[in-house]
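A closer look at the structure
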Amino acid sequence: MSSDPLLQPFQLRHLTLRNRILLTSHEPAYTEDGMPKSRYRAYHAERARAGVALTMTAGSAAVSRDSPPAFGNVLAWKDEVVGWMRELTDECHEAGAAVMIQLTHLGRRTRWDRGDWLPMLAPTHAHEPAHRAFPKLMEDWDIARIIADFADAAERMKAAGLDGIELEAYGHLIDQFWVPGLNALAAPWGGSLDDRLRFTFEVLRAIRARVGAEFIVGMRFTGDQMDKAGLSREEGGEITRRLGASGLIDFQNVIRGHIDTDAALTDVIPVQGMASAPHLDYAGEMRAETGLPTFHAARIPDIATARHAIASGKLDMVGMTRAHLADPLLVKKLTEGREDDIRPCVGANYCLDRIYQGGMALCLHNPASGREETMPQEIARAEAPPRRVTVVGAGPGGLEAARVAAARGHAVTVLEAADRAGGQVRLTALQPRRREMISIIDWRMAQCEAAGVRFRFNTYAEADTVLETRPDVVIVATGGLPHVDVLSEGNDLAVSSWDILSGDVKPGRNVLIFDDAGDHAALQAADVISESGATVEIVTPDRTFAPEIMGMNLVPYMRRLQGRQTTFTVTWRLVGLSRAGNGLRAVLGSDYGDAVQERLVDQVVINHGTRPLDELYFELKPLSSNLGEVDYEALIGGRVQALVRNPAGAFQLFRIGDAVSSRNTHAAIYDALRLAKDL
């Protein structure tokens, strides 16, 4: 038996959990027609096979028709969900993991123009800022119906063979009843604390009447909303004690804060650059006050923090949900003594931000997560004889190609013009708040070095350089360079966001940033420039600024920029620059008409994506057997690239990432994985 606190079993009533690590309830948005079908099942089964003790499915599974999903949630109000959940549960049980599901009614945390277009409802008319939709004030018949809906959904989950359920009570209907400022109902459902809790206890009693005393029921809730208009620590603590003393719940999943705005949500679920485990001590206090088995998750990204949470007695089960998106094999590697091999979560929050934008959860640097049906988490060795693979470029895509090709058993050489690996990620990580990004590079470098990949740094690769390696396969991962040639005049007077981030150009004092890409580079440059004391205006032709950054990642930027001399101007396009004395005259035009504005500044920074560094690729193309062509059907179908367009060619040639077109880190790594896994 291991002495590691994380690997000790935990007894939750009759249920023995094999270790102390769980996936807390979350919705990766892989549903099909509201059902957890094959993709959803594969995602949870992968983590179950790797050793997680408990996988909590379906964050915010909807119990009622008038709780339409905000982002692909499971529809627990449909009878057909039972069969799909049984398939998922059986597969996870066979792998030794327990399975639960989170049930909820979203109340005002959704919109009326989704699903069946029924009125959304709440114990208040007040809208939630994040969803901007105004609810109907609940009537008695609404309350009675929804209580029954909770019981029906719980019964479905018991019929599907799950080990238990969890009710959601932070920002959703249940705790909307708790908050005095959000509960406008008269007694017996509003007013005193007893009346505000009545709905909660009626739901719990209805569930118990339906599923029995032995079925496990827990609740994920906040006892301190950290909001002047919300539940105080004192009143939340009283609610916590009453729930614990009721005998109606078997565990508590404790969180702190509120989630009705992007900023508040980000404090509940912090992103990179924010403190790790900010609510852990609070969860430990709640455990001590109630004596209930206590679960908790909020930016616990690494084994050391998780181990401390258990060893210190603050938690009984520790949630490592985003960490399992980064590495589904986390528990397996821990159990096998391969802790150093765990792919780190870098807190980029690409996963959650995509969900809140209506997409599916994807990890920035593990493209196999969420694609378990087609992408491997562990790379199998090739059955064919080893080949010589030359990778040009040691950014994230190039390193992934090298890592995967080496794991396939090939002899890999990486040529890199710089003196170290990293590419654009290294530039990003120069900023202290985003320094965790460098782990994307460091982890791959360690994996490559362990697999025997040969690196040649300070090597500017030309065709002869590549041919000297006598390659069977060449993968060009040279990335791109900033594109600033976008103006009708004065392009030579502007600098790029990269110039600012690298320190090659010092910030001006009165700066205009033209952001036509909407990604991190512009706001990072704005952060650097404004920190120097300069006045900054960020101009974009879009109707919103920084659309590629998405909600939760935007929060740290805004907290820094709004405290400085920074303004945001939308729907205007920089069209030209000219000299004006010692400064610059910037001319702004509009896509909406003929309007024109001017600015007098001393520096203009352009963020307009990158253009591929593709000269080497085109130099090698006529020498290759496939003439650079990719068989997309084989790529998507997981088959070997076998196209021959030039029988005299000595090697296959491919390019990936920004060497193809300006995209992002995930795209570059995904390009590399799905190509190299079949070499």
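Residues take numbers from 1 onward in each chain, read along the sequence in its written order. The model is predicted, so local features are restricted to residues of pLDDT at least 70 and side-chain atom pairs to those at 80 or more, both for listing and for counting; the totals for chains, interfaces and linings are taken over all residues. Note that the side-chain values use all heavy atoms of the structure and ignore hydrogens as well as water.

1. Some words on the pairing of strand β22 (residues 573–580)
Counted only if it meets this: Note on pairing: two strands pair once DSSP finds at least 2 bridges between them. Per the convention used, a helix needs a DSSP run of H or I reaching at least four residues, while a strand needs a run of E reaching at least two, with both numbered from the N terminus.
Sheet topology note: the β22/strand β23 (residues 583–590) ladder contains seven bridges and is antiparallel. Bridging from a neighbouring strand, serine 578 pairs with arginine 585 of β23. Counted between consecutive antiparallel strands, the loop separating β22 from β23 contains two residues, among which glycine 581 sits at a positive phi close to 65°.

2. Focus: helix α3 (residues 140–159)
Under the convention used in this document: Helix span, as expected, comes to 1.5 Å for every residue beyond the first. Throughout this description, buried means an accessible area under 20% of the type-specific maximum (1.4 Å probe, protein chains only), exposed means over 50%, and partly exposed covers the range between.
For α3, built from 20 residues, the straight-helix expectation of 28 Å at 1.5 Å per residue is met to within 8% by its first-to-last C-alpha distance of 29 Å. Residues of α3 that are buried include every one of Asp142, Ile143, Ile146, Ile147, Asp149, Phe150, Ala151, Ala153, Ala154, Arg156 and Met157, and no others. In the segment just after α3, glycine 161 is the residue with positive phi, at about 90°.

3. A look at the sheet that holds strand β8 (residues 164–169)
Rules: Helix axes are fitted only over the stretch in contact, all axes being lines through C-alpha atoms; the angle between N-to-C directions runs from 0 to 180 degrees. Note on definitions: a residue-residue contact is assigned when non-hydrogen atoms from the two residues lie within 4.5 Å.
Reading around the circumference, β3-β4-β5-β8-β9-β10-β11-β12 is the order of the eight strands in this closed barrel, with parallel pairing throughout. Mean inter-strand twist for the sheet, computed between neighbouring axes without regard to direction, equals 25°. Both strand β10 (residues 251–255) and strand β11 (residues 294–296) contribute to a ladder of two bridges, which runs parallel. Residue pairing in the sheet places glutamine 252 in a bridge with threonine 294 of β11. Contacts between helix α5 (residues 193–211) and the sheet are confined to β8 and β9 (216–222), with β9 contributing the most and set at about 160° to the helix.

4. Some points on the pairing of strand β13 (residues 388–392)
The side chains of a regular strand alternate, residue by residue, between the two faces of the sheet. Going by this rule: Here the term right-handed applies to a crossover when the path leading from its first strand over the helix to its second strand runs clockwise, the strands being oriented away from the viewer.
The element β13 is extensively covered by neighbouring structure, given that four of its five residues are classed as buried. For the segment spanning β13, helix α13 (residues 396–407) and strand β14 (residues 411–415), crossover handedness is right-handed. Looking at chain direction, β13 and strand β16 (residues 473–476) are connected through four bridges and run parallel. The partner of valine 391 across the bridge, within β16, is isoleucine 475.

5. Structural notes on the nonpolar core
Here is the rule we go by: Each nonpolar core is a collection of buried residues, namely Ala, Val, Leu, Ile, Met, Phe, Trp, Tyr and Cys, held together in the definition by side-chain atoms within 4.5 Å.
By size, the foremost hydrophobic cluster in this structure holds 78 residues, and its most contacted members are Leu103, Ile165, Leu167, Trp178 and Phe199. Counting residues in hydrophobic clusters, the runner-up holds 44 residues, among them Val346, Ala406, Val414 and Ala429.

6. Considering helix α18 (residues 520–531)
For an α-helix, the turn length of 3.6 residues means that residues three or four places apart are oriented alike. Taking 1.5 Å of rise per residue, the 12 residues of α18 would be expected to cover 16 Å, and the 16 Å separating its terminal C-alpha atoms lies within 8% of that figure. Taking burial as the measure, the 12 residues of α18 include 10 buried ones, the bulk of the element. The set of residues buried in α18 consists of His520, Ala521, Ala522, Leu523, Gln524, Ala525, Ala526, Asp527, Ile529 and Ser530.

7. Quick word on the packing of helix α6 (residues 233–245) against helix α8 (residues 280–290)
Convention followed: Orientation is classified from the angle alone, with under 35 degrees giving roughly parallel, over 145 giving roughly antiparallel, 65 to 115 giving roughly perpendicular, and any other angle giving oblique. Put simply, a crossing is left-handed when the front helix is turned counterclockwise from the back one by less than a right angle, and right-handed when it is turned clockwise.
The interhelical angle for the contact between α6 and α8, taken along N-to-C directions, is 45°, at an axis separation of 10 Å. As the angle between them shows, α6 and α8 are arranged oblique. Considering how the two elements wind past one another, α6 and α8 form a crossing that is right-handed. Contact with α6, carried on its side by Arg233, Gly237, Thr240 and Arg241, involves Tyr282, Glu285, Met286, Glu289 and Thr290 of α8 and no other residues of that element.

8. Here we look at the packing of aromatic side chains
Filter applied, for reference: Classification of ring pairs rests on two measures: the distance between centres of Phe, Tyr or Trp rings, Trp counted by its six-membered ring, which must be within 6.5 Å, and the angle between planes, read as stacked under 30 degrees, edge-to-face over 60 and tilted in between. Consider the ring centre and the ring normal. A charge sits over the ring if Lys NZ or Arg CZ is within 6 Å of that centre and within 35 degrees of that normal.
Inspection of every chain in the model, using the stated rule, returns nine aromatic pairs. Both rings, one in phenylalanine 251 and one in phenylalanine 295, keep their centres 4.4 Å apart while their planes meet at 15°; by these two values the pair is stacked. Of the two residues, phenylalanine 251 is situated in strand β10 and phenylalanine 295 in strand β11; the sequence distance between them amounts to 44 residues. Here the guanidinium or amino end of arginine 39 rests over the ring plane of tyrosine 30, the centre of that ring lying 5.2 Å away. Lying over the aromatic face of tyrosine 617, arginine 655 brings its terminal NZ or CZ to 4.3 Å of the ring centre.

9. Side note on the packing of α18 against helix α19 (residues 551–561)
The axes of two packed helices give the description: the angle between them and the distance between them. At a closest axis distance of 10 Å, the pairing of α18 and α19 adopts a crossing angle of 20°. The angle between α18 and α19 places the two elements in the roughly parallel class. In this structure, α18 crosses over α19, and the sense of that crossing is left-handed. Of α19, the residues touching α18 (which contributes His520, Leu523, Gln524, Ala526, Asp527, Ser530 and Glu531) are Asn553, Leu554, Tyr557, Arg560 and Leu561.

10. Observations regarding the domain arrangement of the chain
Let me state the cut-off plainly: An automatic or database domain assignment is the source of the domain bounds shown. Accessible surface is computed with a 1.4 Å probe, and the buried area is the amount of it that two parts give up when combined, taken over both parts together. Only one rule defines a salt bridge in this text: a Lys or Arg side-chain nitrogen within 4 Å of an Asp or Glu carboxyl oxygen. Here a polar contact is taken to be a pair of N or O atoms separated by no more than 3.5 Å, where protein atoms must pair a possible hydrogen donor with a possible acceptor and residues adjacent in sequence count only if both atoms sit in side chains.
Annotation of the chain at the domain level lists domain 1 (5–357), domain 2 (388–481 + 611–677) and domain 3 (487–608). Listed as interface residues are nine residues of domain 2 and, on the opposing side, 10 residues of domain 3. It is Leu427, Gln431 and Arg433 in domain 2 that bury the most area against domain 3; as a group they hold 61% of the surface buried on that side. Inspection of the domain 2/domain 3 interface yields zero salt bridges. At the junction of domain 2 with domain 3, the criterion picks out five residue pairs in polar contact (both at pLDDT 80 or more). Within the residue set of the side of domain 2 that touches domain 3, elements represented by two or more residues are α14 (423–428) and β17 (480–482).

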